[in-house]
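Below are the chains, spelled out letter by letter.
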2 protein chains.
Amino acid sequence: MAQSNDTTSYKDIKQTVLARIRSGKWQPDSLLPNEQELAAEFSCTRTTVNRAMRELAEEGYLERRRKAGTRVLSAPQRQARFTIPMVRDEVEALGGTYRYALVSADSETAPEWLSARLALSPKQSVVHVRCMHFNGNTPFQYEDRWIVTASVPQVQQTDFSEVGPNEWLIQTVPFTNVELSFLASRANATVAGFLDVTEGDPVFTGERITWLEGQPVTFAKMYFAAGYRMTTEF
Amino acid sequence: MAQSNDTTSYKDIKQTVLARIRSGKWQPDSLLPNEQELAAEFSCTRTTVNRAMRELAEEGYLERRRKAGTRVLSAPQRQARFTIPMVRDEVEALGGTYRYALVSADSETAPEWLSARLALSPKQSVVHVRCMHFNGNTPFQYEDRWIVTASVPQVQQTDFSEVGPNEWLIQTVPFTNVELSFLASRANATVAGFLDVTEGDPVFTGERITWLEGQPVTFAKMYFAAGYRMTTEF
DNA sequence: CAGTGGTCTAGACCACGGA
DNA sequence: CCGTGGTCTAGACCACTGC
């Protein structure tokens, strides 16, 4: 199928193995034949079997350990992958026209809660940017962001009136680690005003911390407009 | 590093390539050397280069096309992976003791909104299960679930007083497709009561639809207790 | 058409970790 | 110790697609 020829591809093996798991032929927790035996069964090399099984393990269906062999996971630890698009792309994917508006950008001393959150030394300088992302004229996301000046000195000379801080950061600073959270919060007066909802309404909220080689770069809170849902399929 | 010997491993290549991207030596949108040239540079086989570059592409750093070659993605489409653990595991990972309690389980005719959502023919039979998941004695999640009888006939003879519907389903029915959404909703009187929050409070909410070979199996709403956040690092 | 990535083979050495 | 998976090599054929 996958190949025009009749060779057994790693995709064929994946499909077959998945089918055996689903049909119950290979029960959860049961030990599977080793790679050599499977290679013989599928009349291909061990390399090909290895790729198939390795990918199935990455996808959360199997557990593999040297010497112990390969087992079917009883509760498939399937992973949901959410692509984290830039706001602009997300709006445009909805068929809308993206518009950005700066609310404020100020250099200030990091508030205590932020210093604690990012493990900054006290009274470090940060740039605080607040901005809005629109879908046409409809509010889409209100963003509240702090950028650590010491990690990104150029931020002090940057004008965020045309380019959003996220797009600017991505083009300017690489990152090595990200912590991303989602939660439901309550709209305070400010957020409610920007998102055109009633104060106290539930707001889908994201928090993102970004590091570069252990140095904190930025902390962002993203408040999504009413009705937003983060969706994935797998 | 990765190997005890001094051979160049695919992991070394990944690191080097990432470093070049981050340092700006390989600019976004720029065309990279082809696999043969890279293999020569790293003095390894093309197979090894291929694995490194393929994985970097899967991770969202590169774009590869036959004949067109490999390019650095301008806006790294990094993906957040959330593992979707079973509630029990999630609670136990927090160091708590998991406790399950059935609220109700009834066979009924699918309400119209559900038929529409799952594309069921009208008036199909479903089993409606409501239950609670606790962390010790603290409410953790309230679950509202419908299971399509036609897809899982055994559900009619199943007692959900001891085993939660999710654990039961996972052990009973395989699935091929899942749609998973997260949103912020407002606690109605029922949800507020079960989660011990005030009516109208924001509630982090998940919705999950599961199919087996195109057949809808189950629809679940999961309401998380106050303070819940879904977190990932990458 | 021709260049690039996608995949397979046949064989090898080795790291890990269970018994 | 020694079986199992993890990875690399050297070489090959081919699918796709831009020119």
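These numbers come from a predicted model, not from an experiment.

This brings us to the packing of helix α1 (residues 10–23) of chain B against helix α3 (residues 46–58) of chain B. What describes two packed helices is the angle between their axes and the distance between those same axes. Residues and elements named next belong to chain B. Following both chains from N to C, one finds α1 and α3 inclined at 50°, their axes separated by 8 Å at the closest point. Put simply, α1 runs oblique to α3. α1 and α3 meet at a crossing whose hand is right-handed. In this structure, α1 contributes Tyr10, Ile13, Lys14, Val17 and Leu18 to the contact, and α3 contributes Thr48, Val49, Arg51, Ala52, Met53, Glu55 and Leu56. A breakdown of the residues in the contact of α1 with α3 according to their chemical character gives eight nonpolar, one polar and three charged.

All names here are of chain A. Over its 14 residues, helix α1 (residues 10–23) extends 20 Å from the first C-alpha to the last, a length consistent with the 20 Å expected when each residue adds 1.5 Å. Contacts made by the buried residues of α1 are with α2 (35–42), α3 (46–58), β1 (62–65) and β2 (69–72). Two or three places before Lys11, at the opening of α1, Ser9 has a side-chain oxygen 3.1 Å from that residue's backbone nitrogen. In the segment just after α1, Gly24 is the residue with positive phi, at about 85°.

Turning our eyes to something else, we now look at the interface of chain B and chain A. Every contact between the two is made by 45 residues of chain B and, on the other side, 45 residues of chain A. Of the roughly 4200 Å² buried between chain B and chain A, counting both surfaces, carbon and sulfur atoms make up 51%. Three residues stand out in chain B for area buried against chain A, namely B:Arg81, B:Arg229 and B:Phe234, and they jointly supply 15% of the buried area on that side. Where chain B touches chain A, the interface holds four salt bridges. Its salt-bridge partner being B:Glu207, residue A:Arg229 comes within 3.1 Å of it at the nearest N-O pair. Where chain B packs against chain A, one counts 12 residue pairs in polar contact (both at pLDDT 80 or more). When contributions to the side of chain B that touches chain A are tallied by element, the ones reaching two or more residues are α3, β3 (79–83), β7 (177–186), β8 (202–212) and β10 (229–233) of chain B. With 10 residues, β7(B) is the single largest residue contributor to the side of chain B that touches chain A. Grouping the constituent residues of the side of chain B that touches chain A by class yields 20 nonpolar, 10 polar and 15 charged.

With that out of the way, let us pick up the side chain of B:Thr176. All names here are of chain B. Mapped onto the elements of the fold, Thr176 is located in the loop between α6 (165–172) and β7. Assessed through its relative accessible area of 14%, Thr176 is described here as buried. Engagement of the side chain of Thr176 in a polar contact is seen with the backbone nitrogen of Glu213, the distance being 2.8 Å.

What follows concerns the confidence of the model for chain A. Across chain A, the average pLDDT comes to 90, with 95% of residues at or above 70. Here residues 1–5 of chain A is modelled with pLDDT under 50, and outside its nearest four sequence neighbours on either side it reaches three contacts, counting other chains as well.

Take empty space enclosed by the protein next. Residues and elements named next belong to chain A. The tally for this structure, following the rule as stated, stands at four cavities of 30 Å³ or more. Quantified by volume, the largest cavity comes out at close to 90 Å³. Lining the largest cavity are Arg145, Asn166, Leu169, Ile170, Val173, Pro174, Phe175, Arg208, Thr210, Val217 and Thr218. Secondary-structure elements contributing two or more residues to the lining of the largest cavity are α6 (165–172), β8 (202–212) and β9 (215–224).

Per the domain assignment, the segments making up chain A are domain 1 (10–72) and domain 2 (87–224). Here domain 1 of chain A and domain 2 of chain A have C-alpha centroids that lie 44 Å from each other.

All names here are of chain B. Because side chains alternate across strand β2 (residues 69–72), one face comprises the buried residues Thr70 and Val72, and the other comprises Gly69 and Arg71, none of which is buried. In this sheet, β2 lies alongside strand β1 (residues 62–65) in antiparallel orientation, the contact comprising four bridges. In the sheet register, Arg65 faces β2, and the bridge partner there is Gly69.

Parameters at a glance
- The numbering scheme is per chain: residues are counted from 1 as the chain's sequence reads.
- The naming scheme follows written order: chains are lettered A onward, ligands numbered 1 onward.
- The predicted origin of the model limits local features to residues at a pLDDT of at least 70 and limits the giving and counting of side-chain atom pairs to 80 or more, whereas totals for whole chains, interfaces and linings rest on all residues.
- Side-chain measures were taken over the full set of non-hydrogen atoms in the model, leaving aside hydrogen atoms and water.
- For every element, the axis is a line fit to its C-alpha atoms; helices are fit only across the contacting stretch, and the angle between N-to-C directions ranges from 0 to 180 degrees.
- The way it works is that DSSP assigns letters per residue, a run of H or I at least four long becomes a helix, a run of E at least two long becomes a strand, and they are numbered from the N terminus.
- Our angle categories are set so that under 35 degrees counts as roughly parallel, over 145 as roughly antiparallel, 65 to 115 as roughly perpendicular, and the remainder as oblique.
- By definition, any crossing whose near helix is turned counterclockwise from its far helix by less than a right angle is left-handed, and any crossing with a clockwise turn is right-handed.
- We call two residues in contact whenever any of their non-hydrogen atoms come within 4.5 Å of each other.
- Under the convention adopted here, Pro, Cys and the residues Ala, Val, Leu, Ile, Met, Phe, Trp and Tyr are nonpolar, Asp, Glu, Lys and Arg are charged, and Gly plus all remaining residues are polar.
- Working rule for helices: expected span equals 1.5 Å times residues minus one.
- Two N or O atoms count as a polar contact when they lie within 3.5 Å, although within protein this holds only if one can serve as hydrogen donor and the other as acceptor, and sequence-adjacent residues are included solely when both atoms are side-chain atoms.
- Two parts placed together each lose some accessible area under a 1.4 Å probe, and adding up what both lose gives the buried area.
- For this analysis, a salt bridge means a side-chain nitrogen from Lys or Arg found within 4 Å of a carboxyl oxygen belonging to Asp or Glu.
- Residue exposure (1.4 Å probe, protein chains only): buried if accessible area is under 20% of the type maximum, exposed if over 50%, otherwise partly exposed.
- The score called pLDDT rates the predictor's confidence residue by residue, from a low of 0 to a high of 100.
- Both site types are read off a 1 Å grid over the protein atoms alone. A 1.4 Å probe that fits but cannot get out defines a cavity, while an open set with protein on both sides within 12 Å along at least five of seven lines defines a pocket; lining residues have an atom within 4 Å of a point.
- Grid points are joined across faces, edges and corners, and a volume is the space filled by probe spheres set on the points.
- For every domain, the bounds stem from an assignment made automatically or drawn from a database.
- For two strands to count as paired, DSSP must find a minimum of two bridges between them.

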